[in-house]
Amino acid sequence: MKEQLLYKIVVKDKLGKVITKRSGKARSLLRQYTEVKKVNMSNVTCTCKDTGGTDRNVGTGSDMLEALTVQAAAGEVNWGTRVGTGTTAVTISDYALETAIAQGVGGGQLDHLACDVIPPVVGASDSKFEVKRIILNSSGADVIVWEIGIYSKMDATYFCCIARDVIGAAVTVPDGGSITVFYYIRVAV
Amino acid sequence: MIKTLSVEIRDKQGKVISRSRQKSRSFLRAYNHIINAQFEASLSPSPPIQTKDITGALIDLEQYFMNLICNALVGEDEKGIVIGTGATAVTIEDYKIETPIAQGIGAGQMEYQAETFTDPQVAGNECSFTNQRAIVNNSGGVITVREAGLYLYGHPPTYFCAVRDVLASAQAVPDGGAITITYTLKDVA
């Protein structure tokens, strides 16, 4: 069995009532995920695009301490789960969300809470863990989300996009509401 | 991430006498746990991320720059691609090759060569690299290989079995000959 990525999205209104739920197989672990893991495995550097589209030499040795870090504090959007408004189909060479929604409470912005990484749960034939982030809409108006993804640290200095998914239909996050994105990284025999 | 496993057998003259390829079914629990440790920003995650190393000891994993390293040198049989004679079906909880073939030139032993990697290559919507190791039989007799796997470094310093596969058919490696195992790791958008 391959390594799988799954997602679930839950949208709540300002009263905390669930108004949208969506889940599915994520199609799109991106080349940066392959490349950073290859550096980790071989301890030989390679080139990888950061979230700005610039080629970086992924470091080796102690530079790799934080490679693949996804867990992020509230307000941190260089790494952790992100959402956006882009609708262009995913390609393996995508290096960022097409139109990532910025951190904040201004028009068109969302307020990112901490991105949590939950320890794995092992079943009869699989092992999976969860990456969860709640993102609040305090912008004063609805915000529409079309795409989701995961940014991680590439090494000690740079950040990269390791997953991007365009969800089947847009979800509207009402003012005062929230969107919670769950990603599950799963292996099975 | 998808894996395929290729097996090539050569006789003592270097002539290829067998080639086979199969889907690799089996990322194991330890692999998922090490990825989880890298995703977490903490050096001492709480609750702990626990999995067994190749000795069966339960380890509390930590994020570390050497996690996932498997660039084994000549003669190293606790890191990199490892082969064995066990044929028991894979389970998610496997923590080692069932019956590893030890490094050496004694009866039932084989000589592990250095691990090699290719750089990640993009083709269409896929990104892949290969991880390969040749293992030479100078034991004086035929050795039959039935399983292969991948041992990775994880921190605190020890080794973990990330992958185990039972070969689709047993492979007899003649005295003076060699087996070459190639894992291709691929992500698809």
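Calculation notes
- Residue positions are given per chain, counted from 1 along the sequence in the order it is written.
- The order in which chains are written sets their letters, starting at A; the order in which ligands are written sets their numbers, starting at 1.
- Predicted model: local features are reported for residues with pLDDT of at least 70 only, side-chain atom pairs are reported and counted for 80 or more only, and whole-chain, interface and lining totals are derived from all residues.
- Side-chain metrics in this entry use all non-hydrogen atoms of the structure; hydrogen atoms and water are not considered.
- Going along the chain from the N terminus, every DSSP run of H or I of four or more residues is numbered as a helix, and every run of E of two or more is numbered as a strand.
- Note on method: radius of gyration uses C-alpha positions; expected globular size equals 2.2 Å times residues raised to 0.38.
- The pairing criterion for strands is at least two bridges between them, as found by DSSP.
- Angular values range over 0 to 180 degrees, each being the angle between N-to-C directions of two axes fitted as lines to C-alpha atoms, with helices fitted over their stretch in contact.
- The contact criterion used is simple: two residues touch if any of their non-hydrogen atoms lie within 4.5 Å.
- Throughout, the accessible surface (probe 1.4 Å) given up by two parts as they are put together, summed over both, is called the buried area.
- Think of a salt bridge as a Lys or Arg side-chain nitrogen and an Asp or Glu carboxyl oxygen that are within 4 Å of each other.
- A 3.5 Å cut-off defines polar contacts: any pair of N or O atoms within that distance qualifies, except that in protein one atom must be a possible hydrogen donor and the other a possible acceptor, and neighbouring residues in sequence count only when both atoms are side-chain atoms.
- Note on exposure labels: buried denotes an accessible area under 20% of the residue type's maximum, exposed denotes more than 50%, and partly exposed covers the range between, all computed with a 1.4 Å probe on protein chains only.
- Only Phe, Tyr and Trp rings are paired, with Trp represented by its six-membered ring, and only when their centres lie within 6.5 Å; those with planes under 30 degrees apart are stacked, over 60 edge-to-face, the remainder tilted.
- Here, a charge over a ring is recorded when the distance from Lys NZ or Arg CZ to the ring centre is within 6 Å and its angle to the ring normal is within 35 degrees.

(A) Region of the structure containing the overall build of chain B. Looking only at helices and strands, chain B has one helix and twelve strands in total. Helices and strands in chain B line up, N terminus first, as β-β-α-β-β-β-β-β-β-β-β-β-β. In terms of C-alpha radius of gyration, chain B reaches 17 Å, essentially the compact-globule figure of 16 Å for 189 residues. Each principal axis of the C-alpha distribution contributes one length, and for chain B these read about 55 × 40 × 30 Å.

(B) Expanded view of the sheet that holds strand 5 (residues 80-84) of chain A. All names here are of chain A. Taken together, the three strands give an open sheet; going across it, the order is 5-8-9, and neighbouring strands pair in antiparallel fashion. Single-partner strands in this sheet number two, and they are strand 5 and strand 9 (159-173). Mean inter-strand twist for the sheet, computed between neighbouring axes without regard to direction, equals 25°. Direction of pairing for strand 5 relative to strand 8 (residues 143-153): antiparallel, over a ladder of five bridges. Within strand 8, the position partnered with R82 by the bridge is G149.

(C) Examining the interface of chain A and chain B more closely. Taken together, the contact pairs 51 residues of chain A with 52 residues of chain B. It is M41, I92 and V189 of chain A that lose the most area in chain A upon contact with chain B, and together they represent 19% of the buried surface on that side. For the pair chain A and chain B, the number of links is one salt bridge. One salt bridge connects K38 of chain A with D119 of chain B, and the closest N-O pair in it is separated by 3.3 Å. Between the two partners, chain A and chain B, sit 20 residue pairs in polar contact (both at pLDDT 80 or more). Breaking the side of chain A that touches chain B down by element, the ones donating at least two residues are helix 1 (31-42), strand 6 (111-122), strand 7 (126-136) and strand 10 (178-188) of chain A.

(D) Structural view of the pattern of salt bridges. One pass over the full model with this rule turns up 19 salt bridges over all chains. Salt-bridge contacts for E35 of chain A lead to R31 of chain A; the nearest nitrogen and oxygen are separated by 2.9 Å. Placement of both E35 of chain A and R31 of chain A in helix 1 is noted, with a separation of four residues, approximately one turn of the helix. What makes E35 of chain A buried here is its relative accessible area of 3%. For R10 of chain B, the salt bridge is made with E8 of chain B, and the minimal N-O distance between the two is 3.1 Å. Judged by relative accessible area, E8 of chain B falls into the buried class, the value being 16%. Within the structure, one salt-bridge network assembled from shared partners comprises D94, E98, E147 and R164 of chain A.

(E) Looking closely at the packing of aromatic side chains. As enumerated under the stated definition, the model contains seven aromatic pairs over all chains in all. For the pair F129 of chain A and F39 of chain B, a centre-to-centre distance of 5.5 Å together with 90° between the ring planes defines the contact as edge-to-face. Of this pair, F129 of chain A sits in strand 7 while F39 of chain B sits in helix 1 (residues 29-39), each in a different chain. The buried category is assigned to F129 of chain A, whose relative accessible area is 1%. Between the aromatic rings of Y153 of chain B and Y159 of chain B, the centroid separation amounts to 5.9 Å while the plane-to-plane angle is 85°, which identifies the pairing as edge-to-face. Comparing Y153 of chain B with Y159 of chain B, the two get one shared label, buried. Through successive ring pairs, a cluster of aromatic residues spans Y64, F65, Y153 and Y159 of chain B. The side chain of K8 of chain A reaches across the aromatic face of F182 of chain A, ending 4.6 Å from its centre. The side chain of K153 of chain A reaches across the aromatic face of W79 of chain A, ending 4.3 Å from its centre.

(F) Just unusual backbone geometry, in detail. Backbone torsion omega between S46 of chain B and P47 of chain B reads 0°, so that peptide bond is classified as cis. Mapping P47 of chain B onto the fold places it in the loop between helix 1 and strand 3 (49-52). For the bond from H155 of chain B to P156 of chain B, the omega torsion is 5°, close enough to zero to count as cis. Tracing the chain through its elements places P156 of chain B in the loop between strand 10 (143-154) and strand 11 (158-173). For N43 of chain A, which is not glycine, the phi torsion reads 60° and is therefore positive. With respect to the helices, strands and loops of the structure, N43 of chain A is situated in the loop between helix 1 and strand 3 (47-49). Of the residues examined, N43 of chain A reaches a relative accessible area of 32% and is grouped as partly exposed. Positioned with a positive phi, L68 of chain A is a non-glycine residue whose angle comes to about 75°. You can see L68 of chain A is positioned in the loop between strand 4 (55-57) and strand 5. Looking at L68 of chain A, the relative accessible area reads 0%, which means it is buried.

(G) Representation of the sheet that holds strand 5 (residues 80-84) of chain B in the model. Residue and element names in this part refer to chain B. Ordered by their spatial adjacency, three strands build an open sheet running 5-10-11, and the pairing between neighbours is antiparallel. Two strands lie at the open edges of the sheet, namely strand 5 and strand 11, each paired on one side alone. Strand-to-strand, the axes of this sheet are offset by a mean angle of 25°, without reference to chain direction. Summarising the sheet, strand 10 and strand 11 pair through eleven bridges and their orientation is antiparallel. Looking at strand 11, one finds that A148 is bridged to D165. Against the sheet, helix 1 touches strand 10 and strand 11, its axis set at about 145° to strand 11.

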